[in-house]
There are 2 protein chains.
Amino acid sequence: MLEDKNPQKTSIDQLGEFGLIDHLTKNFQIKHASTIKGIGDDAAVLNFGTNKMVVSTDFLIEGVHFDLAYMPLKHLGYKAVTVNLSDICAMNAKPTQITVSIAVSNRFPLEAIEELYEGIALAAEIYKIDIIGGDTTSSQKGLLLSITAIGEAKEEEIVYRNGAKATDLLVVSGDIGSAYMGLQVLEREKQVFQVNPNNQPDLENYTYLIERQLKPEARTDIKELLEKLEVKPTAMIDISDGLSSEIIHLCKQSEVGCNLYEEKLPLDPQLITVCEEFKIDSTTIAINGGEDYELLFTIPIDDFSKIKGNPNLTVIGHMVNKKEGIHLITRANEAIELKSLGWNSFTK
Amino acid sequence: MLEDKNPQKTSIDQLGEFGLIDHLTKNFQIKHASTIKGIGDDAAVLNFGTNKMVVSTDFLIEGVHFDLAYMPLKHLGYKAVTVNLSDICAMNAKPTQITVSIAVSNRFPLEAIEELYEGIALAAEIYKIDIIGGDTTSSQKGLLLSITAIGEAKEEEIVYRNGAKATDLLVVSGDIGSAYMGLQVLEREKQVFQVNPNNQPDLENYTYLIERQLKPEARTDIKELLEKLEVKPTAMIDISDGLSSEIIHLCKQSEVGCNLYEEKLPLDPQLITVCEEFKIDSTTIAINGGEDYELLFTIPIDDFSKIKGNPNLTVIGHMVNKKEGIHLITRANEAIELKSLGWNSFTK
C-alpha cells in the first residue's frame, strides 16, 4: 500500500458551509473583464456587452458517473470542469465562467474536498475560466458535483446542431474510443485489486487510454483553429455519449442522413493494441464508447481543401438526404444502419 | 388512506435520459427575447444586450434540504425554483431563465418526476421564467435538484451586499419566522403519524406557517415597488439562513455595525400563537429561523418617508459604525450581541 502522505483529517463540520466556501475559493483570481462580480454575493454579475452568452450544466454523481476506487479526486475535479467546457466548445463559443456546486457525505474530510478543488482550480487556471459561484452542502450518500459552464461568442460564430446540409462533410477532432477503453482497463484492474490487494498493477501499456478516461481535455483550441483555417462549421456537437449517438443527434436536428466510413475512424495505435488484447472490435468501441469530449461537426464540402491534412481533424463521413438514413459503411463496403448505443445512466 | 388517483407507474428506464428530457420539457414556451436558444443543443444561448447578467446556483438534496414525508413533489419543484429566484431578487435584478438538473434513484417512477416538474413548470409560468436547459440522470440514493437561476438588470440597478452606510435604515419585506415554525409543525405531525398512522392531522390553525415552509414565494415584486417609491437600496441580501446570519453578512461586507430592534420585528399573528403553543420565544424564531425568502436591505435614512407605512416593508433597525458591533435591542432596552445561528447543512 502507498503511504498516506497527509494523515491529518479535518472534519468539514468545523468550518461550516460559509467557512468551507471561503477556504476553498479565497485564492481564486478573476481573469475575465466580463466577470463584474464573482463569488461572495447572492449571485454573480456578468457583462457580455454585444456578445451572446452560452450556458450549459451537468451533474456528476458518485457511483453513476465516476468511481472513486480508481478516479483520484483531483482528476475528478479537473474532469468535471472539462466536460462542461466541452459543451461550450460544442457551440463554437469560448468558455469564460463556471459555477461549482458540491455535496459530500461526512465520510469526506476537508482534505478530500481540497484535493477535489485543486483539480477544479487547475482546470480553471489552464482553461482561463473564472469560478464565479456555487453551493457547498452535505449529501446523504457519496460525492455529487453540479457544474454550470458559461461562455461567450459573437452571434455569427455560434454553431447549433441543426445546420448540417445533405452534402456536408462530417469531421471529428482528435481520436475516439480511447476514453472508453481506458475505463475498461481501470475496471479490470479494480477487479484484480479486489481479488488480490497486494498486486501492483503495471499500467505502462495503457497510459494514453487511462489519461483519456481520467483527464480528458476540452477542445477549446478548435474554435481558434477553424477561424485560422477560415472554416465555419454548419453544425456541431461534442462526443460525450458516443459517436453513433451524437451523429444521430446531428442528423435528427438537421434533418439529414449520414454515411460514416469505418476506415476513416481516427483510432490511437494504443487503442487498437488494447482492443486486440481485450478481444473487442475497435470499431465498436470507437462508435459506441463515450467520454471522448472531442468535437464532431459538419463543414461545406467546398472547405475540404482547407482542413485536409490537418493532424487535429479527420473527415469521417458525409451527410446525405434524410431518406437515405444513417449508416456505417464498413471496410467490406457494407452499409449497416447506425443505432444509438450511447451511455444511459438509467439503464447502466 | 387516500385513494391513489394514478395507480399507473412507469419506470424511467423505459424512456432513457433523452426521452425523459423531451417528455418533461416538450411544452415549455420561451417567454423572454433574451433567450435565443433554450433546451435542445449542447448549451443555451442568451442575449442581454446592454444589460448585465446575474447568475446564482443552489443544490437541494433529499434528507438534507427536504423530507418527502411531508413535502409533496409538486411543492418541492415550485420551492426549488423560488429559492433560486430569490437570490436573483436579492441583487435587485429580474429573474429571466433557469436550468434544472435532476438526479433520481430508481425508486421514483416517471409519474413522480412529472409531479416534480409540474411544480417547476408552475413556478416558471407564474414568475415568467424560461427553462433553458439542465441534466437528468440517476442517483444512488434519493432525489437531488440543482438549479441555476439567471437574471438581468441595468448596471446602475444592481445592489450588492457591501454598500450599507453607518447611518442607513435596515428594512425587511413581508414577515419572518413563519417558514421555520411551519417546519416545526410538519416535523411534529410526522412524529404523530409515525406513532399512529391512522391519525388525521388537523392543520387548520397552521395553514399560513405551513404554506410559508412548503410554498415560499420569491419577492420579485420588491424591485418594482422600490422603483415606484424611488428608493434604491444601498445593500441587499435574501433571508435563506435566518435574519441574524444575513444581518451579519451585510455588516461584514459593508464594514458597518447594526442595531436591530426586537419590537420592530414583523411577525404574523399565527406565528405568535403557535410559538406560545410550542413554548418557544417568537423573537428567537424570527431571528434564527430561516427559509423566509424575504429581502433584507438598507436604505438611506433620508428615504424613510418614502417607505413609511408601506405594508410590504418594515424598518427593523439601523446601521451603526463597525466598532459599535451588531446588536439586538430587546423590548427591555438591553443590547445583546447578535450571533449567527443560521442553518448549516454540515451540522444539521
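Residues numbered from 1 in each chain as written. Chains lettered and ligands numbered in written order. Predicted model: local features only at pLDDT ≥ 70, side-chain atom pairs only at ≥ 80, totals over all residues. Heavy atoms only, no water.

Chemist: How do you make sense of the UniProt feature "binding site: Mg(2+) 1" (unreviewed entry) in chain A when you look at a structure like this?
Modeler: If you check UniProt for "binding site: Mg(2+) 1" (unreviewed entry), the listed places come out as T57, D58 and D135 of chain A in our numbering. The annotated residues occupy 79 residues of the chain but converge on a single region, no pair of C-alpha atoms lying more than 14.4 Å apart. Assignment of secondary structure puts T57 of chain A in strand β3 (residues 52–61). Excluding residues within four positions of it along the chain, T57 of chain A makes contact with N84, S146, I147 and T148 of chain A together with T99, S101, G134 and D135 of chain B. Of the polar contacts made by the side chain of T57 of chain A, one reaches the backbone oxygen of I147 of chain A; its length is 3.2 Å. Looking at the element boundaries, D58 of chain A is found in strand β3. (UniProt positions renumbered as here; feature names shortened; annotations may be inferred. Helix = DSSP H or I, 4+ residues; strand = E, 2+ residues; numbered from the N terminus. Contact = heavy atoms within 4.5 Å. Polar contact = N/O pair within 3.5 Å; in protein donor to acceptor, adjacent residues only side chain to side chain.)

Chemist: It is not clear to me how the nonpolar core should be interpreted in this structure. Could you clarify?
Modeler: I247, L260 and L296 of chain B are the most contacted members of the largest nonpolar core, which has 94 residues in total. In terms of domain composition, this core takes at least three residues from each of domain 1 (12–157) and domain 2 (169–337) of chain B. In contact with L260 of chain B, other than residues within four places in its own chain, are L170, L243, I247, L265, I287, I316, G317, H327, L328, I329 and L338 of chain B. Counting residues in each nonpolar core, the second largest holds 93 residues, with A93, A286, I316 and L328 of chain A among its members. (Core = buried A, V, L, I, M, F, W, Y, C linked by side-chain atoms within 4.5 Å. Buried < 20%, exposed > 50% of the residue type's maximum accessible area, 1.4 Å probe, protein only. Domains from an automatic or database assignment.)

Chemist: Teacher, can you tell me more about the UniProt feature "binding site: Mg(2+) 4" (unreviewed entry) in chain A here?
Modeler: Per the UniProt annotation, the sites labelled "binding site: Mg(2+) 4" (unreviewed entry) are D42, S56 and D87 of chain A. With the annotated positions falling across 46 residues, the maximum pairwise C-alpha distance of 25.9 Å shows that they are not confined to a single cluster. Here D42 of chain A is to be found in the loop between β1 (35–37) and β2 (44–46). Contacts of D42 of chain A, omitting those with residues within four sequence positions, involve S56, D87, A90, M91, R161, M236, I237 and D238 of chain B. With relative accessibility at 10%, the residue D87 of chain A sits in the buried group. Apart from the residues lying within four places of it in its own chain, the contact partners of D87 of chain A are S56, D58 and D238 of chain A together with D42 and A43 of chain B.

Chemist: Sorry, what's going on with the packing of aromatic side chains here?
Modeler: Both the distance between ring centres and the angle between the ring planes are used here to describe each pair of aromatic rings. All names here are of chain A. If you walk through the whole model with that rule in mind, you get 3 aromatic pairs over all chains. For the ring pair Y78 and Y127, a centre distance of 6.4 Å and an interplane angle of 50 degrees mean the geometry is tilted. On the criterion of sequence distance, the pair formed by Y78 in helix α2 (residues 73–89) and Y127 in the loop between α3 (110–126) and β5 (130–138) is long-range, its members being 49 residues apart. The same class applies to Y78 and to Y127, which are both buried. The ring of Y78 has K215 lying over it, and the distance from NZ or CZ to the ring centre is 4.4 Å. (Phe/Tyr/Trp six-rings, centres within 6.5 Å; stacked < 30°, edge-to-face > 60°. Lys NZ or Arg CZ within 6 Å of the ring centre and 35° of its normal.)

Chemist: Mind showing me how you'd approach the relation of the copies chain A and chain B here?
Modeler: Both copies of the chain are related through a single rotation about an axis accompanied by a shift along the same axis. Aligned on chain B, chain A shows an RMSD of 0.0 Å; the corresponding rotation is 180 degrees and the shift along the axis is 0.0 Å. Viewed as a symmetry operation, the transformation between the two copies matches a two-fold axis. A share of 100% of the interface residues of chain A reappears at the interface of chain B, consistent with the copies meeting face to face through the same patch. (Least-squares fit on C-alpha atoms with pLDDT ≥ 70 in both.)

Chemist: Before we go on, may I ask you to explain the interface of chain A and chain B in this structure?
Modeler: Interfaces are often described in size by the accessible area the parts lose on coming together. In this assembly, 69 residues from chain A lie in contact with 69 residues from chain B. Interface area, chain A with chain B, both sides summed: about 5,500 Å², of which 57% is carbon and sulfur. Counting across the chain A and chain B interface gives 4 salt bridges. Across the salt bridge formed by D41 of chain B and R161 of chain A, the nearest N and O atoms sit 3.6 Å from each other. The interface formed by chain A and chain B contains 20 residue pairs in polar contact (both at pLDDT 80 or more). Of the residues forming the side of chain A that touches chain B, the biggest block, 9 residues, is contributed by β3 of chain A. Here the side of chain A that touches chain B is built from residues that sort into 30 nonpolar, 24 polar and 15 charged. (Buried area = accessible area lost by both parts, 1.4 Å probe. Salt bridge = Lys/Arg side-chain N within 4 Å of Asp/Glu carboxyl O. Nonpolar A, V, L, I, M, F, W, Y, C, P; charged D, E, K, R; others polar.)

Chemist: Got a minute to help me understand helix α4 (residues 178–195) of chain A in this structure?
Modeler: Count 3.6 residues to each turn of an α-helix, and residues three or four apart come out pointing the same way. Residue and element names in this part refer to chain A. The terminal C-alpha atoms of α4 lie 26 Å apart, and with 18 residues this matches the ideal 26 Å at 1.5 Å per residue to within 8%. Those residues of α4 not exposed but buried are S178, A179, M181, G182, V185, L186 and E189. Relative to the axis of α4, the buried residues are bounded by an arc of 160 degrees and lie together on one face. Seen from the buried face of α4, the exposed residues on the opposite side, beyond 90 degrees, are Q194 and V195. (Expected span 1.5 Å × (residues − 1). Arc of directions from axis to C-beta.)

Chemist: Sorry if this is basic, but what is going on with the sheet that holds β1 of chain A here?
Modeler: Backbone-to-backbone hydrogen bonds join strands into a sheet, with any given pair of strands oriented parallel or antiparallel. Strands sit in the order β1(A)-β2(A)-β3(B)-β6(B)-β4(B)-β5(B) across an open sheet of 6 strands; the sheet is mixed. Here the strands that pair on one side only, and so sit at the sheet edges, are β1 of chain A together with β5 (130–138) of chain B. On average, each strand axis in the sheet is inclined to that of its neighbour by 20 degrees, with strand direction left out of account. As paired strands, β2 of chain A and strand β3 (residues 52–61) of chain B are joined by 3 bridges and run antiparallel to one another. Looking at the pairing, V45 of chain A lines up with V54 of chain B of β3 of chain B. Along the sheet face, helix α2 (residues 73–89) of chain B touches β3, β4 (94–104) and β6 (143–153) of chain B and points at about 35 degrees away from the line of β6 of chain B. Docked against the sheet, helix α3 (residues 110–126) of chain B engages β4, β5 and β6 of chain B, running at close to 175 degrees with respect to β4 of chain B. (Pairing = 2+ DSSP bridges. Axes fitted to C-alpha atoms, helices over the stretch in contact; angles between N-to-C directions.)

Chemist: Help me out: how do you make sense of the environment of A123 of chain A in this one?
Modeler: Residue and element names in this part refer to chain A. If you trace the backbone, A123 turns up in helix α3. By relative accessible area, which is 0% here, A123 ends up buried. C-alpha of A123 to C-alpha of T136: the two residues are 13 residues apart in sequence and 19 Å apart in space. When neighbours within four sequence positions are excluded, A123 is seen to be in contact with Y78, V81 and K128.

Chemist: Is there a simple way to explain the domain arrangement of chain A in this structure?
Modeler: Residue and element names in this part refer to chain A. According to the domain assignment, chain A consists of domain 1 (15–157) and domain 2 (169–337). For domain 1 and domain 2, the distance between their C-alpha centroids amounts to 26 Å. Each side of the interface is counted separately: domain 1 has 22 residues, and domain 2 has 21 residues. When domain 1 packs against domain 2, close to 2,000 Å² is buried across both sides, 59% of that on carbon and sulfur atoms. Considering only the side of domain 1, the residues that lose the most area to domain 2 are Y70, K79 and N92, jointly responsible for 30% of the buried surface there. Counting across the domain 1 and domain 2 interface gives 3 salt bridges. Across the pair D67 and K190 runs a salt bridge whose closest N-O atoms are separated by 2.5 Å. Our enumeration of links across domain 1 and domain 2 arrives at 11 residue pairs in polar contact (both at pLDDT 80 or more). Elements with a minimum of two residues in the side of domain 1 that touches domain 2: α2 and β4 (94–104). Split into classes, the residues belonging to the side of domain 1 that touches domain 2 amount to 12 nonpolar, 4 polar and 6 charged.

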